[in-house]
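Chain and residue survey
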Amino acid sequence: MRDLATRLRRLPPSCGPVRLIGIDGHAGSGKSTFAGRLARALEGAPVLRLDDIASHDELFDWTGRLRSQVIEPLGRGDTAHYTPYDWHSRDFGAPLALPPAPVVLVEGVGAGRRALRPYLAHLLWMELPREEAWARGRSRDGEEQREFWAGWVRAELRHFADDPSRPFADLLVSQGRKGYEVLPGPAGTVGPDQSVTYGDGPSAMC
C-alpha cells in the first residue's frame, strides 16, 4: 500500500492543486474498505464517498451537484463544501468540508464516469465480478434492503452499459488473502489487462 501511495503522490495535479484519485467498481466490491486503507497510507488523505452525493432520487444523476459542490472549488484551490445525503431520513444534511489536499480519494460506483475522468489523476477499478460483488453487498446490507438492491442492480447495469469505467482504469485492484494486488489497467501503458504488476517481486501486494 505504501508503494501505491508513493506512486499516487508523484502524479501531477489534476484538479487545481489536487490529485483526484477515483476508486470505482461494482457495489459491494470493497471500494470503501480499500479507500480507507489507502487514505491511511497517504497519511490521512480525505475521502469523498459518492454514497454521500447520490440519493434515492438520483442514484447516478448527481454529476452537476458534484461539479458545483466539489470539483469547481477544488479546481480553484478552495475548500469544497458538500451536503451529504442521509439514506435513512432521505434528506441532505449540513455541509461537510473537503480541503484541497495534495491527494483526495473519490470512491463509489461511477467515480470513473466520463464526466469526471478529465479531473482525475488516476482511476482505480476494484476487480471483482459484479455478481460476486452484489452478493457481498446484499449480505452486508441485510434483508431489509432487498427491495433497494433490486432497483440498484438495474440502475447500475444501465449506468455501466452507457458509461463504463473499467476500460479507462489506470490500475486494477484485486483483494487477496494478505492484501491487495495492483495490476496495470486497460488505460495503463503496459497494455490492456496484461497480468503484469509493479513493485518488487512477482506480485505487488500492498
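In this report, the structure presented in the accompanying data block is examined. (Residues numbered from 1 in each chain as written. Predicted model: local features only at pLDDT ≥ 70, side-chain atom pairs only at ≥ 80, totals over all residues. Heavy atoms only, no water.)

1. Brief notes about the pattern of salt bridges
Pairing between side chains of opposite charge can happen when the charged atoms of each approach one another. The final tally for this structure, using the stated rule, is seven salt bridges. Here Glu-107 makes a salt bridge to Arg-49, at a shortest N to O gap of 2.9 Å. Pair noted here: Glu-107 is in strand S7 (residues 103–107) and Arg-49 is in strand S2 (residues 47–49), with a separation of 58 residues, a long-range link. Classification of Glu-107 as buried rests on a relative accessible area of 3%. Look at Arg-49 and you get partly exposed, because its relative accessible area is 30%. Where Asp-163 meets Arg-114, a salt bridge forms, and the shortest distance between an N and an O atom there is 3.9 Å. With Asp-163 in the loop between helix H5 (146–162) and strand S9 (171–176) and Arg-114 in the loop between S7 and strand S8 (120–126), this residue pair connects regions lying 49 residues apart in the sequence. For Asp-163, a relative accessible area of 5% translates into the label buried. Residues participating in the shared-partner salt-bridge network are Arg-114, Arg-117, Asp-162 and Asp-163. (Salt bridge = Lys/Arg side-chain N within 4 Å of Asp/Glu carboxyl O. Helix = DSSP H or I, 4+ residues; strand = E, 2+ residues; numbered from the N terminus. Buried < 20%, exposed > 50% of the residue type's maximum accessible area, 1.4 Å probe, protein only.)

2. Here we look at the side chain of Ser-55
Along the chain, Ser-55 falls in the loop between S2 and helix H3 (63–75). In terms of polar contacts, Ser-55 uses its side chain to reach the backbone amide nitrogen of Glu-58, at 3.1 Å. Ignoring anything within four residues of it in the chain, the contact list for Ser-55 reads Tyr-85, Trp-87 and Phe-92. (Polar contact = N/O pair within 3.5 Å; in protein donor to acceptor, adjacent residues only side chain to side chain. Contact = heavy atoms within 4.5 Å.)

3. Examining the packing of helix H4 (residues 130–141) against H5
Across the interface, H4 lies against H5 with an axial gap of 11 Å and an inter-helix angle of 150 degrees. Between H4 and H5, the angle is such that the two are roughly antiparallel. The interaxial crossing formed by H4 with H5 has right-handed handedness. Contacts from Arg-130, Trp-134, Gly-137, Arg-138, Arg-140 and Asp-141 in H4 reach Trp-149, Val-153, Glu-156 and Leu-157 in H5. (Axes fitted to C-alpha atoms, helices over the stretch in contact; angles between N-to-C directions. Parallel < 35°, antiparallel > 145°, perpendicular 65-115°, else oblique. Left-handed = near helix turned anticlockwise from the far one by under 90°.)

4. Considering the nonpolar core
If you look at the biggest cluster of nonpolar residues, it comprises 36 residues, and the most contacted ones within it are Leu-20, Leu-48, Trp-62, Leu-66, Leu-74 and Leu-98. Counting residues per element, the ones that place at least two in this core are H3, strand S3 (80–82), S7, S8 and H5. By residue number, the principal contributor to this core is H5, which donates five residues. Dropping the residues within four chain positions of it, Leu-66 is found in contact with Leu-48, Leu-50, Ile-53, Ile-71 and Leu-116. Counting 22 residues, the second largest nonpolar core, distinct from the first, contains Ile-21, Ile-23, Leu-38 and Val-182. (Core = buried A, V, L, I, M, F, W, Y, C linked by side-chain atoms within 4.5 Å.)

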